[in-house]
Amino acid sequence: MAAVTGERLKSELEMFDIPCKDDSVLDKMVEQCICNRIQADEMVLEWVAYSTTKNGLKLTTDTLEQFEHEVLNKKNKPKPSFRKEETHNRTRDIHSLQELIKAEEEEENLLDSYSTPAKGSQKRALTTPEHPHSKRSAALLASPGLLLSPASFSPSSTPSQKYSQRGAKGEVVVTFGAVQGTRWAGRKALGAGVRLELLEGPEDSLTCSYKYMFQRLRDVRNVLTEKIEELGEGLRSHFNIEEFSPVSLPAQDCVTVLGQVCCDSNGKLNAQSVLLEAGPEQGGQQVPVDLSELKEYSLFPGQVVVMEGMNTTGRKLMASKLYEGVPLSFYTPEEKMELDEEPMNVLVACGPYTPSDSLTFDPLLDLINVIVRDRPDVCLLLGPFVDSKHEQIEKAQVTETFEAIFSRCIESIVDGTKSVGCRLVFVPSQRDINHHFIYPQPPFVLPNLSKDQAQRVTLVPDPCTLLIDGVTFGLTSTDILFHMGAEEISCGTGSDRFSRILKHMLTQRSYYPLYPPVEEVNMDYEKFQSFGQMPLTPDVLIIPSELRYFVKDVAGCVCVNPGRLTKGQVGGTYGRLLIQHKAASEDGKRASPCLAAQVVKI
């Protein structure tokens, strides 16, 4: 189905001799077409009918809002089912036939639920034997006006029942900061001159695809060794440690050793299987660690730590003290920035953008409606956009290429938010079937974007650090919370698991500190060393996960898990933040730029 454009609407209007020179009016009409799922010709016919009843109403943005309120909104309301008696002797159009079929199906489903199911399905086919409908034409009939029509993606796709019947729409499930009386809207001007760029600049960031599937074990070892040495140097200077001893050297005195935590087998780490592996400078050997004397600890494979303890035989270290890592400093602008009077509104959403039982993008269209309503300044949209774990994609039940589905998905977001003028940031995911399956992941390529669209769209790699109006955002779409949560062991820490994992990320200064990585993450270690590390501690860390949504302040960094926009067959959540860059207080204390944050059900 053809996408609605301003040119198409203009030509339809000219057919009725309606002049339209204002681009904002055309943008508003495009937005209304997308949100109400109608085509350009249908939209113009509705407007002509409406303006005629209002004595030739002129076409402006105000009259379009009035038209939307009086016509389009009422059109979208579900119509009551026709009774068979009333419609029996009447000439029926396609819509009344659809409603009649739906009513009969619902009646049969209700009767089926009260009866014992037989071995085979007893449901009568609702097509005539002479002219049977194919599944593809049935899907087209079920959704004649969808911009992201599922019929073009899958021959058997119908809108998700569970998603459309979900409750608690728009309910706020998590709040952070001073949210009382907060106005969740962007600045008034379009885009309002938001400065958005990769923190390290395009020269030192991952901006294009690279060759992978070839790395030598020696190169991997060199990357891990440099990580141990770099973090060890930071710990040594912070805790004033004179020098590190070799891990396997027998000593009758208490020694301080540096190394990387690993497991003594291929299984899950536990308190009895912890090994400490030193770098080449400390002998490069492994020694088992006895944790029984430590009152509290939190460890995971790949963690670089400093331990104090006794190693009298050289074969086992009795650890008595554990030094944890130190986070990097926060961003300080080189030049003095002007402080904004109004805070910046940032919306965060993470895919999948379709329910698991259907390839309709209903949740995405609802998100576009939210963006149009709240008018945020920046939208951070993380993949997957075309989910490799979707049942219909796994079974190859789609009728278009993955790239075509992805392109139309992105075009709908860009066109649907045109009148808002917000900046759009697209982050790829390991689960995006149309993109490189490697970590770090290069940004998407969108060659079909027009010049105007490209000014609003920023394509970034996974992971990355963004600078938005003087505030740093760390972004990753890889579910490191889930991966580390399965591997981490702890004792007596008293904090919750999420806070511990997030603190590990900040102190290990990495977006993926786990080693070895889980099987589904294909790590390129040379690129990971260049593009997978945190250059500083971000002000806000966006870290979506399958695990429960949250907003937490960890060591001064506001960490947000907005959840996923869909959870299986039902609706999920998205996040929104109010950000205002603040100068340091007179006593030099840093003030968090995140004024408030919420996680909201779609």
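If you check an unreviewed UniProt entry, the chain appears there as DNA polymerase alpha subunit B from Collichthys lucidus. Looking at the Function (unreviewed entry) heading of the UniProt record, one finds this comment for the chain: "Accessory subunit of the DNA polymerase alpha complex (also known as the alpha DNA polymerase-primase complex) which plays an essential role in the initiation of DNA synthesis." Turning to the chain, the UniProt annotation filed under Subcellular location (unreviewed entry) states: "Nucleus".

Quick notes on a nonpolar patch on the surface
A surface patch of nonpolar side chains, about 320 Å² in accessible area, is lined by Met15, Phe16 and Leu45. Inspection of the secondary structure puts Leu45 in helix α3 (residues 40-53).

Digging into the layout of surface pockets
The calculated volume of the second largest pocket comes to roughly 1100 Å³. The wall of the second largest pocket is formed by 43 residues, among which Asp415, Lys418, Ser450, Gln453 and Arg456 lie closest to the centre. For the lining of the second largest pocket, the secondary structure elements donating two or more residues are α1 (6-15), α2 (23-36), α4 (61-76), α12 (402-416) and α13 (451-456). If one sorts the elements of the lining of the second largest pocket by residue count, α2 sits on top with 7 residues. Taken together, the residues of the lining of the second largest pocket sort by class into 14 nonpolar, 15 polar and 14 charged. Per-domain counts for the lining of the second largest pocket show at least three residues from each of domain 1 (6-67) and domain 3 (346-478 + 521-601).

Remarks on the sheet that holds strand β4 (residues 274-277)
In space, the 5 strands of this closed barrel follow the order β3-β4-β5-β8-β7, with mixed pairing throughout. Between one strand axis and the next, the sheet turns by 55° as a mean value, whatever way the strands run. Pairing geometry for β4 and strand β5 (residues 286-290), over 3 bridges, is antiparallel. Pairing of Glu277 across the sheet is with Gln286, part of β5.

Thoughts on the sheet that holds strand β16 (residues 540-542)
Read from one edge of the open sheet, 6 strands run β2-β13-β14-β16-β18-β17, paired in mixed fashion. The open sheet has two edge strands with one neighbour each: β2 (196-198) and β17 (550-554). Mean inter-strand twist for the sheet, computed between neighbouring axes without regard to direction, equals 25°. When β17 meets strand β18 (residues 557-561), the two strands line up antiparallel, connected through 5 bridges. From the neighbouring strand, Val554 faces β18, where its bridge partner is Cys557.

Comments concerning the pairing of strand β13 (residues 464-468)
With 5 of 5 residues buried, β13 lies mostly within the body of the structure. Going residue by residue along β13, you find Cys464, Leu466 and Ile468 tucked away on one face and Thr465 and Leu467 tucked away on the opposite face as well. Relative to β13, β2 runs antiparallel, the two sharing 3 bridges. Bridging across to β13, Leu196 finds its partner in Ile468.

Examining the confidence of the model for the chain
Any region with low pLDDT has predicted coordinates that should not be read closely. Residues with a pLDDT of 70 or more make up 84% of the chain, whose mean pLDDT is 85. When pLDDT is averaged over each helix and strand of the chain, the minimum, 38, is found for helix α7 (residues 135-142) and the maximum, 98, for β16. Below pLDDT 50 for its whole length, residues 81-91 participates in 10 contacts with residues either more than four positions away or in separate chains. In the predicted structure, residues 118-146 sits below a pLDDT of 50 and forms 32 contacts with residues beyond four places in sequence or in another chain.

Analysis parameters
Residues numbered from 1 in each chain as written. Predicted model: local features only at pLDDT ≥ 70, side-chain atom pairs only at ≥ 80, totals over all residues. Heavy atoms only, no water. UniProt positions renumbered as here; feature names shortened; annotations may be inferred. Patch = residues over 30% accessible without salt bridge, like charges linked within 9 Å, V, L, I, M, F, W, Y side chains within 5 Å. Areas by Shrake-Rupley, 256 points an atom, 1.4 Å probe, with all protein chains shown as cover. Salt bridge = Lys/Arg side-chain N within 4 Å of Asp/Glu carboxyl O. Helix = DSSP H or I, 4+ residues; strand = E, 2+ residues; numbered from the N terminus. 1 Å grid on protein atoms, 1.4 Å probe; cavity = no way out; pocket = protein on both sides within 12 Å on 5 of 7 lines; lining within 4 Å. Points joined across faces, edges and corners; volume = space filled by probe spheres on them. Nonpolar A, V, L, I, M, F, W, Y, C, P; charged D, E, K, R; others polar. Domains from an automatic or database assignment. Pairing = 2+ DSSP bridges. Axes fitted to C-alpha atoms, helices over the stretch in contact; angles between N-to-C directions. Buried < 20%, exposed > 50% of the residue type's maximum accessible area, 1.4 Å probe, protein only. pLDDT = per-residue confidence, 0-100. Contact = heavy atoms within 4.5 Å.

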